[in-house]
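Coordinates in review
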Amino acid sequence: MNILIIGSGGREHALAWQCAKDTKVNKVYVASGNAGSALEPKCENINLDVNNHQAVIEFCQSSNIDLVIVGPEASLVAGLVDDCKQAGINIWGPSKYCAQLEGSKTFAKEFMLANNIPTASYQGFTDADAAKDYVSEQGAPIVVKADGLAAGKGVIVAETVAEAHAAIDDMLADNKFGDAGSRVVIEQFLSGEEASFICMIDGKNILPMATSQDHKRVFEGDAGPNTGGMGAYSPAPVVTDSVYEKVMQRIIQPVVDAMQAAGHPYTGFLYAGLMIDDAGDPYVIEFNCRFGDPETQPIMMRLQTSLVDLVQQGIAGNLPKTAQWDKRAALGIVLASKGYPETSSKGDVITGLPQTSSNTDIDTVKVFHAGTKFADTSQDGVQTIETNGGRVLCVTALGDNIFDAQQKALATTASIRFDGAHYRRDIGYRAINK
C-alpha cells in the first residue's frame with residue numbers, strides 16, 4: 001500500500017519512519033518532508049502544495065494512495081480532511097469543525113465550559129485597553145494567548161502585570177502573530193506539573209497513546225520564552241493510574257461525547273496539554289488536534305503495534321483499546337537553530353549526524369529531522385544537510401529508564417554541530433528527580 005504524510009517537521013519524519021517499517025507498505029510519500037524523511041527507506045519527499053486541496057486529492061488519485069495522515073494543524077483547520085473524505089480518500093484527522101479545538105482558543109474555552117471540562121478561568125478580548133484593565137484587576141502571574149494558530153509560540157506566561165501588558169500590545173496592537181493574535185485569551189495561571197495526553201479517536205472508541213511530557217521553555221530549568229517544544233520523554237511518571245482515570249473520565253470522554261452530540265464525531269489524534277495540580281487533578285491548558293511535536297518522536301520510538309493498522313482500524317471505526325509499547329523509556333532532545341524562538345537561522349551546514357551504517361546504537365538512538373534541507377552542493381559525493389529554520393533535529397533514544405535514555409540522547413547530541421545550535425541538557429529532569 002501507499003501512504004501520504006502531510007507535513008515537513010519532526011512529527012512527520014517520525015510518522016513516516018514508523019509507517020515505513022510496516023511490511024504492507026510499499027511507499028511513503030511526504031509532502032513536503034525534510035532531509036531526514038528523504039533518507040528513510042521506502043520514503044520519498046514530494047513537492048505538493050498542501051494548501052491546494054484539489055492538488056492533494058489529484059495526487060492521491062494518480063498515485064494510488066491508500067491512506068493519508070495529516071501532521072500539522074494548519075491543514076486540519078483549513079478542512080483538508082473534509083475535502084479528501086468527500087473525494088472518497090481514506091484520511092486520518094479531525095474535521096474542520098472539530099479542529100476548532102486547536103484553531104481557536106475561544107472556541108476551545110467555550111466548548112470546555114459548556115461540557116464541564118476542567119480548565120483555567122478566562123476572558124477573551126479584541127481591545128488592548130480592555131485586556132490590560134482585566135490583567136490589572138487580576139494581577140500576575142497570568143497567561144496571555146493568541147486566539148489562533150501561532151506555531152506553539154503564541155502563549156506568554158507573564159510573571160508581572162507589565163509583562164502581560166507588553167504581550168497584549170505585541171498581539172493586539174503590533175500584530176506580532178498576524179490574524180492569530182487579532183483576539184487574545186487571558187487565562188488564570190495554573191500551577192502544577194504539565195503532561196501531554198494524546199489519544200487516537202475513531203468517533204466513539206478511544207485509544208490512549210503512551211503518556212509523555214514535553215518542555216516548552218527554551219532554556220534549562222524551564223526558563224525563557226515558550227517554544228514549540230525543546231524536548232520530550234515517555235512515559236510521564238506524573239500521569240499515575242489515578243490521574244489517567246481522571247483524564248479519561250473528565251476530559252477525553254466528554255470531548256468524544258460532546259462532538260458526537262453536536263453531529264461532528266471526532267476522528268484522528270487528540271492532544272490534551274494538561275496541568276496536574278498537587279492533588280492529582282488535571283486541567284486542560286490547551287487542545288491540539290494532531291500529534292504533538294516533539295512528543296511524537298519518543299512515542300513513535302516506543303510504539304510496537306503497527307501505526308498503519310491502528311489508523312486503518314480508526315478509519316473503520318474499530319480502534320482497539322490498547323496498543324503494544326516498548327517497556328523502555330524514550331527521550332528526545334531538540335536542537336534548535338540560532339536565535340530560536342525569536343528568530344530563525346537557515347542555511348547553516350550540519351555536521352556530525354550519525355551514519356546508519358556505522359551507528360552501533362541504531363536500534364536505541366534515532367535522529368529525527370525537522371528544520372533541515374539538502375544543500376545545493378555536496379561534499380565527497382555525500383549530500384550536505386543544512387538547517388532550514390526553527391527546531392532542526394530531535395535526537396531520540398530508548399533507555400532502561402528516563403535517565404538512561406537522556407544520557408544516550410545527550411551523547412549523540414554532543415557530536416552534532418551547526419552554527420548557533422542550542423539545546424537543553426535537562427530534558428526529563430522532573431522524571432529523573434522523582
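Residues numbered from 1 in each chain as written. Predicted model: local features only at pLDDT ≥ 70, side-chain atom pairs only at ≥ 80, totals over all residues. Heavy atoms only, no water.

1. Observations regarding the side chain of Gln406
With respect to the helices, strands and loops of the structure, Gln406 is situated in helix 13 (residues 402-413). With a relative accessible area of 6%, Gln406 lands in the buried category. (Helix = DSSP H or I, 4+ residues; strand = E, 2+ residues; numbered from the N terminus. Buried < 20%, exposed > 50% of the residue type's maximum accessible area, 1.4 Å probe, protein only.)

2. A closer look at the pairing of strand 2 (residues 27-32)
The pairing of strand 1 (residues 2-7) with strand 2 spans six bridges and is classified as parallel. Across the sheet, the residue bridging to Ile5 is Val30, located in strand 2. With helix 1 (residues 10-20) bridging strand 1 and its parallel neighbour strand 2, the resulting β-α-β unit is right-handed. (Pairing = 2+ DSSP bridges. Right-handed = clockwise from strand over helix to strand, strands pointing away.)

3. Section: the packing of helix 8 (residues 128-138) against helix 9 (residues 161-173)
The contact between helix 8 and helix 9 brings their axes to 10 Å, and the two run at 160 degrees. Our classification of the angle between helix 8 and helix 9 gives roughly antiparallel. The handedness of the crossing between helix 8 and helix 9 comes out as right-handed. The segment helix 8 lies against helix 9, with Ala128, Ala131, Lys132, Val135 and Ser136 engaging Val161, Ala164, His165, Ile168, Asp169 and Leu172. Considered class by class, the residues forming the contact of helix 8 with helix 9 number seven nonpolar, two polar and two charged. (Axes fitted to C-alpha atoms, helices over the stretch in contact; angles between N-to-C directions. Parallel < 35°, antiparallel > 145°, perpendicular 65-115°, else oblique. Left-handed = near helix turned anticlockwise from the far one by under 90°. Contact = heavy atoms within 4.5 Å. Nonpolar A, V, L, I, M, F, W, Y, C, P; charged D, E, K, R; others polar.)

4. A look at the sheet that holds strand 8 (residues 155-158)
Overall, antiparallel pairing links the four strands, which are arranged 6-9-7-8 in an open sheet. Edge positions in the sheet fall to strand 6 (122-125) and strand 8, since each has one partner strand and no second. Averaged over all pairs of adjacent strands, the angle between strand axes in this sheet comes to 20 degrees, irrespective of strand direction. Note: strand 7 (residues 142-146) against strand 9 (residues 184-188), five bridges, orientation antiparallel. What sits directly across from Val143, in strand 9, is Glu187. Of the strands in this sheet, strand 6, strand 7 and strand 9 are in contact with helix 7 (residues 105-114), which crosses strand 9 at around 45 degrees. Set on the sheet, helix 9 makes contact with strand 6, strand 7, strand 8 and strand 9; between it and strand 7 the angle comes to about 5 degrees.

5. Some thoughts on empty space enclosed by the protein
Under the criterion given, the structure shown has two cavities of 30 Å³ or more. Quantified by volume, the largest cavity comes out at close to 50 Å³. Lining the largest cavity are Leu101, Lys105, Ala108, Lys109, Met112, Lys145, Glu187, Ile285, Glu286 and Phe287. Elements supplying a minimum of two residues to the lining of the largest cavity: helix 7 and strand 17 (282-288). Top element by residues in the lining of the largest cavity is helix 7. It accounts for four residues. A class-by-class count of the residues in the lining of the largest cavity yields five nonpolar, no polar and five charged. (1 Å grid on protein atoms, 1.4 Å probe; cavity = no way out; pocket = protein on both sides within 12 Å on 5 of 7 lines; lining within 4 Å. Points joined across faces, edges and corners; volume = space filled by probe spheres on them.)

6. Considerations on the packing of aromatic side chains
In this structure the tally under the stated criterion is eight aromatic pairs. Plain terms: the ring middles of Trp92 and Phe269 are 6.1 Å apart, the flat faces sit at 85 degrees to each other, and that makes the pair edge-to-face. In this pair, Trp92 is assigned in strand 5 (residues 91-92) and Phe269 in strand 16 (residues 267-276), connecting sequence segments 177 residues apart. Since its relative accessible area comes to 1%, Trp92 is described here as buried. Counting every residue linked through ring pairs, the aromatic cluster contains Trp92, Phe269 and Phe291. Arg425 extends its terminal NZ or CZ atom over the ring of Tyr423, reaching a point 4.4 Å from the ring centre. (Phe/Tyr/Trp six-rings, centres within 6.5 Å; stacked < 30°, edge-to-face > 60°. Lys NZ or Arg CZ within 6 Å of the ring centre and 35° of its normal.)

7. Here we look at the side chain of Asp202
For Asp202, the position within the fold is in strand 10 (residues 193-202). Of the side chains with opposite charge, Lys204 lies nearest to the buried Asp202, which makes no salt bridge, at 4.7 Å. Within the structure, the side chain of Asp202 is placed 3.0 Å from the backbone nitrogen of Lys204, a separation counted as a polar contact. In terms of polar contacts, Asp202 uses its side chain to reach the backbone amide nitrogen of Leu319, at 3.0 Å. With near-sequence residues (within four places) excluded, Asp202 lies in contact with Trp92, Tyr266, Thr267, Gly314, Gly317, Asn318 and Leu319. (Lys, Arg positive; Asp, Glu negative; His and termini not counted. Salt bridge = Lys/Arg side-chain N within 4 Å of Asp/Glu carboxyl O. Polar contact = N/O pair within 3.5 Å; in protein donor to acceptor, adjacent residues only side chain to side chain.)

8. So, helix 13
The terminal C-alpha atoms of helix 13 lie 16 Å apart, and with twelve residues this matches the ideal 16 Å at 1.5 Å per residue to within 8%. Looking only at helix 13, the buried set comprises Ile402, Ala405, Gln406, Ala409, Leu410, Thr412 and Thr413. When helix 13 is viewed along its axis, its buried side chains cluster within an angular range of 160 degrees and face the same direction. A side-chain oxygen of the first residue of helix 13 lies 3.2 Å from the backbone nitrogen of Phe403; this N-cap is Asn401. (Expected span 1.5 Å × (residues − 1). Arc of directions from axis to C-beta.)

9. Here we look at a negative patch on the surface
A cluster of acidic residues, Asp127, Asp129, Asp133 and Glu137, forms a negative patch at the surface. Among the structural elements, Asp129 can be located in helix 8. (Patch = residues over 30% accessible without salt bridge, like charges linked within 9 Å, V, L, I, M, F, W, Y side chains within 5 Å. Areas by Shrake-Rupley, 256 points an atom, 1.4 Å probe, with all protein chains shown as cover. Charge placed at Lys NZ, Arg CZ, Asp CG, Glu CD.)

10. Some points on the pattern of salt bridges
Enumeration over the complete set of coordinates arrives at 22 salt bridges. Among the ionic pairs, Glu102 bridges to Arg290, the shortest N-O distance being 2.7 Å. Linking Glu102 in helix 6 (residues 100-103) with Arg290 in the loop between strand 17 and helix 11 (296-302), this pair joins segments that are 188 residues apart in sequence. Comparing Glu102 with Arg290, the two get one shared label, buried. Taking the shortest distance from any N to any O, the salt bridge between Asp222 and Arg430 comes out at 3.4 Å. Of the two residues, Asp222 sits in the loop between strand 13 (217-219) and strand 14 (223-226) while Arg430 sits in helix 14 (residues 429-433), which places them 208 residues apart along the sequence. For Arg430, a relative accessible area of 30% corresponds to the partly exposed category.

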